[in-house]
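Read off the chains here:
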Amino acid sequence: MSQPLMKQAEGQGPDDALCRHLAWSGSPPPAARARAEADALLSALQYAYQVRVTPRVADDVRLVVSELVSNAARHAPGPGRLDLQVADRGRTVRITVRDTSPVIPQPWPANPRRPGGHGLEIVKALSRRLTVQHTGEGKQITAELALHQSRTSPGPDRYHVDRTPDGTSG
């Protein structure tokens, strides 16, 4: 079930109020449905606030959404939720997927000969920051993508695991 786009009061720029949500109770929706939500968010950002999103950035956002929702489908039983949010006055898209699995994913070292298992590696490479937190019902993974900056090289400080169930630091 998708919730309608929410917009701030007129005269204000894009911020955390510009968002999309997609929740599921059983099997996650197909990745194409999740990508459609990302497209709707980016279209609203461009239309409502005249923030230009390049095709490359739009592709990156779609890919991260696909990978995170596909991983939830593969590794966790339902229910789950996808939240897409514009933050930092239109400079960042925050993609959060919540699922019922308490298992914290670990990015594997790059290995072009390995068939599969590259999803988190891809998400980490495209994200400015990637955070994993335990929740009372499982976990949430949040990827933040810059809308206007070039990609940075992956670094250890960009992947953060919060191991406490309530999201506070231990």
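Computed from a prediction, not measured in an experiment: that's the story for all the values here.

A.B. asks: Quick one: what's the story with the overall build of the chain, residue by residue and with numbers?
C.D. replies: Counting secondary structure elements, the chain contains three helices and seven strands. Reading the chain from its N end, one meets helices and strands in the order β-β-α-α-β-β-α-β-β-β. Within the span of the chain, comprising 170 residues, buried residues form 45% of the whole. Put simply, 65% of the contacts in the chain that link residues at least 6 apart link residues at least 24 apart. Carbon and sulfur atoms make up 53% of the accessible area of the chain, which totals about 9100 Å².

A.B. asks: Which residues make up helix 2 (residues 55-75), and what values go with them?
C.D. replies: The end-to-end C-alpha distance of helix 2 is 30 Å, a good match for the 30 Å that 21 residues give at a rise of 1.5 Å each. Residues of helix 2 that are buried: Val57, Ala58, Asp60, Val61, Val64, Val65, Ser66, Glu67, Leu68, Val69, Asn71 and Ala72. Structurally, helix 2 contributes buried residues whose contacts are with strand 2 (19-24), helix 1 (31-49), strand 3 (80-87), strand 4 (92-99), helix 3 (119-126) and strand 6 (138-146).

A.B. asks: A description of the nonpolar core should follow, citing residues and the corresponding values.
C.D. replies: In terms of nonpolar packing, the biggest core is built from 36 residues, with Leu45, Val61, Val64, Val65, Leu68, Leu82 and Ile95 touching the most fellow members. Of all elements in the fold, only strand 2, helix 1, helix 2, strand 3, strand 4, helix 3, strand 5 (129-135) and strand 6 reach the threshold of two or more residues within this core. Broken down by element, the residue count for this core peaks at eight residues, all from helix 2. In contact with Val61, not counting residues within four places along its chain, are Ala38, Leu42, Val93, Ile95 and Leu145.

Cut-offs applied
- Residues numbered from 1 in each chain as written.
- Predicted model: local features only at pLDDT ≥ 70, side-chain atom pairs only at ≥ 80, totals over all residues.
- Heavy atoms only, no water.
- Helix = DSSP H or I, 4+ residues; strand = E, 2+ residues; numbered from the N terminus.
- Buried < 20%, exposed > 50% of the residue type's maximum accessible area, 1.4 Å probe, protein only.
- Contact = heavy atoms within 4.5 Å.
- Areas by Shrake-Rupley, 256 points an atom, 1.4 Å probe, with all protein chains shown as cover.
- Expected span 1.5 Å × (residues − 1).
- Core = buried A, V, L, I, M, F, W, Y, C linked by side-chain atoms within 4.5 Å.

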